[in-house]
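Results of the structural survey
Below, each chain spelled out in residue letters.
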Amino acid sequence: MLRMVRLTLTEDVEAVVLIVRTVHLSQRPAQTSQCRQTDSDFIPLNEERLQRFQKALGFESVSRDSGDSNTDEIFKFGEFIIASFPHIHRHSPLVTWERVNNLSLLYHIQGNDPSLKPYLLMAHIDVVPVTNLDQWDAPPFSGEVKDGFIYGRGTIDDKNNVMGILEATEFMLSSNIKPKRSFYISFGHDEETRGNAGASQVANLLRQKGVKEVEFIVDEGMTVLEGIIDGVAGPVASVGVTEKGIVLLNLSVELPPGHSSMPPRETAIGILARAVLRLEENPHPSMLGAGVETDMFESLVPKMSYLQRVVISNIWLFRYPLSWLLSRKPSTNAVIRTVTAVTIFNSGVKFNMIPPLAEAKVNHRVHPSQTIQEVVDYDRAVINDPRVKIEVVYSMEPHPVAGHGESDFGYQVLRTSVRQIWPEAVVVPAIMVGNTDTFNFLNFSTNVYRFSPTHMFPGDPERFHGINERMSVKNYEQVINFFYHLIRNADQAGLSPVHSAHPDL
Ligand SMILES: CCCCCCCCCCCCCCCCCC(=O)N[C@@H](Cc1ccccc1)C(=O)O
Ligand SMILES: [Zn+2]
Ligand SMILES: [Zn+2]
């Protein structure tokens, strides 16, 4: 069918477009919500549970750099966890747990059906340092509740997931509910420095124990987004089914030093500054249409207007205007291309001395449709200056894409659990734009999902590693219940349609 329509994609963009593909996606059935309906379906956030979260936020379990972290506080946070969840750590015969490398934690919860392959839940107990202290609305290690929000470093990265998983597991065990499917829990202690003392040692230990494969893995990741994707109303639960690669580059320029009264025409600082500017002014190309983000947009169709569906059904045709639109916000720009962040710039020795060396660190997050080599080659071509030395300090290729279809069990468990907590949400496969500890576990499963049940609104993505990290009290209750539903749903042989978890959620 061929016809012309006039469409408004967002308030500020109008285009006359030719539609060559009919919008059959709009006829897709809405996703169904599924759940058991019993009294033990809901864990209320009582004072005790809220206070436990607040206390968890009080530990300054900060990782600054590899080998530079508050190990005392990380250890004390572990002690607090052990003391706070008695069924997990003492009473239940179903649980075995151990400290790994003194600071990380590994748990095994025994299910009663050994024919079911276990799964793995992950989170990390360290946090990034705090900056701009004077701009926080509440002290970052206070766990203070203000206007319905719990404030603190770690509220969305990643103590929410640590405490949510623990609360859900403790509730299940204390209610004498025995899981059918066994599961592991891994809490690494150096995720924020990408170290190899935490989750990487947990992975080694699992291998030593003879664990070869798990059914699926869930770690921190993308979130429930509302008002963040232009033109899409209502909550969108974005599940990271792949993860961007990463390249850390050191750029350097070395020139002979000298007296500032007789400067050369160019200095190391000037040459390096130009190189960095070229990188910033020439972003890597949009990969829209080449990978998972196409599935993501197609899954968003139930939340879109007719005209938006037309665009999404014809990404091949609207690639350029759509890329332009998505590029305008850092959060959506990160989904469609390899991004470039110049994070450190150093040079200079003395006011009156020509600097012998200028160095800059560049942090790329690599889109899954590109390789590390392509990224470095692109940079070299863009900089186009042999005086700028480009060294790869660290790199990791993008992760493989996990199954996200109707028959992919792990994805369906996640989707069902999300819909029980956010019945109006659409669940979409997405690219995890940051990096996680999952790279240590890629040999255990192809079904690796990066998802945090954090409900985010405009302005919230900036709180990751930023100022005023916070989570609403209501959202923390949803976090606990999301993990509880996930654990219960993982026991279902086949998932069947039911209801939402609780009227108040
Ligand atoms: C469906 C459209 C999507 C719109 C995008 C909206 C974005 C929403 C926010 C999602 C956030 C995610 C990023 C959080 C990353 C958390 C994990 C983390 O901080 N990891 C570190 C790991 C690392 C890497 C390199 C050196 C040290 C540590 C990270 O920086 O990625
Ligand atoms: Zn994190
Ligand atoms: Zn982080």
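Residues numbered from 1 in each chain as written. Chains lettered and ligands numbered in written order. Predicted model: local features only at pLDDT ≥ 70, side-chain atom pairs only at ≥ 80, totals over all residues. Heavy atoms only, no water.

1. Considering unusual backbone geometry
That bond from Asp157 to Asp158 is cis: its omega, 15°, falls within 30 degrees of zero. For Asp158, the location among the structural elements is in the loop between β9 (149-151) and α4 (159-174). Phi is positive for His465, close to 60°, though the residue is something other than glycine. Among the residues examined, His465 registers a relative accessible area of 42% and is labelled partly exposed. A positive phi angle is found at Asn468, which is not glycine, with a value near 55°. (Helix = DSSP H or I, 4+ residues; strand = E, 2+ residues; numbered from the N terminus. Buried < 20%, exposed > 50% of the residue type's maximum accessible area, 1.4 Å probe, protein only.)

2. Here's the deal with the pattern of salt bridges
If you walk through the whole model with that rule in mind, you get 18 salt bridges. A salt bridge links Arg463 to Asp460, with the shortest nitrogen-to-oxygen separation between them at 2.8 Å. Judged by relative accessible area, Arg463 falls into the buried class, the value being 15%. Take Asp460: its relative accessible area is 12%, and that puts it in the buried class. One salt-bridge network, in which partners are shared between bridges, spans Arg265, Glu266, Arg274, Asp385 and Arg387. (Salt bridge = Lys/Arg side-chain N within 4 Å of Asp/Glu carboxyl O.)

3. Quick word on the domain arrangement of the chain
Domain parsing of the chain yields domain 1 (47-222 + 434-489) and domain 2 (244-396). One C-alpha centre belongs to domain 1, the other to domain 2; they are set 31 Å apart. Each side of the interface is counted separately: domain 1 has 4 residues, and domain 2 has 6 residues. With both chains or domains summed, domain 1 and domain 2 bury close to 450 Å², and 50% of this area falls on carbon and sulfur atoms. Looking at the side of domain 1 facing domain 2, the largest losses of area belong to Arg194, Gly434 and Asn435, adding up to 75% of the total buried there. Here domain 1 is connected to domain 2 by 0 salt bridges. (Domains from an automatic or database assignment. Contact = heavy atoms within 4.5 Å. Buried area = accessible area lost by both parts, 1.4 Å probe.)

4. Describing the coordination of the zinc ion (ligand 2)
Note on the zinc ion (ligand 2): its protein donors are His124 (NE2), Asp157 (OD), Glu220 (OE) and Glu220 (OE). The metal-donor distances range over 1.9 to 2.7 Å. Geometry at the zinc ion (ligand 2) is irregular, judged from its 4 donor atoms and the angles of 52 to 159° they form at the metal. Sequence spacing of the donor residues for the zinc ion (ligand 2), all on one chain, is H-x32-D-x62-E. Separation of the zinc ion (ligand 2) from the zinc ion (ligand 3) amounts to 3.3 Å, with Asp157 serving as a shared donor to the pair. With His124 in strand β7 (residues 119-124) and Glu220 in strand β11 (residues 217-225), the pair connects residues that are 96 residues apart, well separated along the chain. Across the pair, Glu220 and His124 agree in class, each one buried. (Donors = N, O, S within 2.8 Å, 3.2 Å for Na, K, Ca; no water. Tetrahedral: all angles 85-135°; square planar, octahedral: opposite > 155°, others 65-115°.)

5. Here we look at the packing of helix α2 (residues 71-84) against α4
Closest axis-to-axis distance for the α2/α4 pair is 11 Å, and the angle between their directions is 25°. The pairing of α2 with α4 is recorded here as roughly parallel in orientation. Helix-helix and strand crossings are classified by hand; for α2 and α4 the assignment is right-handed. Judged by residue contacts, Phe77, Phe80 and Ile81 of α2 engage Lys159, Val162, Met163 and Leu166 from α4. Its residues placed into classes, the contact of α2 with α4 shows 6 nonpolar, no polar and 1 charged. (Axes fitted to C-alpha atoms, helices over the stretch in contact; angles between N-to-C directions. Parallel < 35°, antiparallel > 145°, perpendicular 65-115°, else oblique. Left-handed = near helix turned anticlockwise from the far one by under 90°. Nonpolar A, V, L, I, M, F, W, Y, C, P; charged D, E, K, R; others polar.)

6. As for the sheet that holds strand β21 (residues 470-472)
The strand order across the open sheet formed by 3 strands is β8-β9-β21, and the pairing between neighbours is antiparallel. Edge positions in the sheet fall to β8 (145-146) and β21, since each of these pairs with one other strand and no more. Pairing analysis gives 2 bridges linking β8 to β9, with the strands arranged antiparallel. Within the sheet, the bridge partner assigned to Lys146 lies in β9 and is Phe149. Running at roughly 80° to β21, helix α13 (residues 473-489) makes contact with β8, β9 and β21 of the sheet. (Pairing = 2+ DSSP bridges.)

7. Observations regarding the packing of aromatic side chains
One pair of aromatic rings is described through two measures. These are the centre distance and the angle between the planes. The final tally for this structure, using the stated rule, is 14 aromatic pairs. Centre to centre, the rings of Phe171 and Tyr484 are 5.2 Å apart; their planes meet at 85°, and the pair counts as edge-to-face. Of the two residues, Phe171 is situated in helix α4 and Tyr484 in helix α13; the sequence distance between them amounts to 313 residues. The structure contains a cluster of three or more aromatic residues connected by ring pairs, namely Tyr119, Phe183, Phe216 and Phe409. When the ring centre of Phe439 is taken as reference, the NZ or CZ atom of Arg194 above it lies at 4.3 Å. Here the basic side chain of Arg319 rests over the ring of Tyr320, its NZ or CZ set 5.3 Å away from the ring centre. (Phe/Tyr/Trp six-rings, centres within 6.5 Å; stacked < 30°, edge-to-face > 60°. Lys NZ or Arg CZ within 6 Å of the ring centre and 35° of its normal.)

8. Describing the site of ligand 1
Near ligand 1 there are 19 residues, and of these Glu191, Met296, Arg365, Asn435 and His465 occur at the shortest range. Asn435 is positioned with one of its backbone polar atoms (N or O) 2.6 Å from a nitrogen atom of ligand 1. At the level of elements, β11 and α10 (330-336) are the ones that each hand at least two residues to the shell around ligand 1. Residue contributions to the shell around ligand 1 peak at 3 residues, all from β11. In terms of residue class, the shell around ligand 1 is made up of 8 nonpolar, 5 polar and 6 charged. Here the shell around ligand 1 gathers at least three residues from each of two domains, domain 1 (47-222 + 434-489) and domain 2 (244-396). (Near = heavy atom within 4 Å. Polar contact = N/O pair within 3.5 Å; in protein donor to acceptor, adjacent residues only side chain to side chain.)

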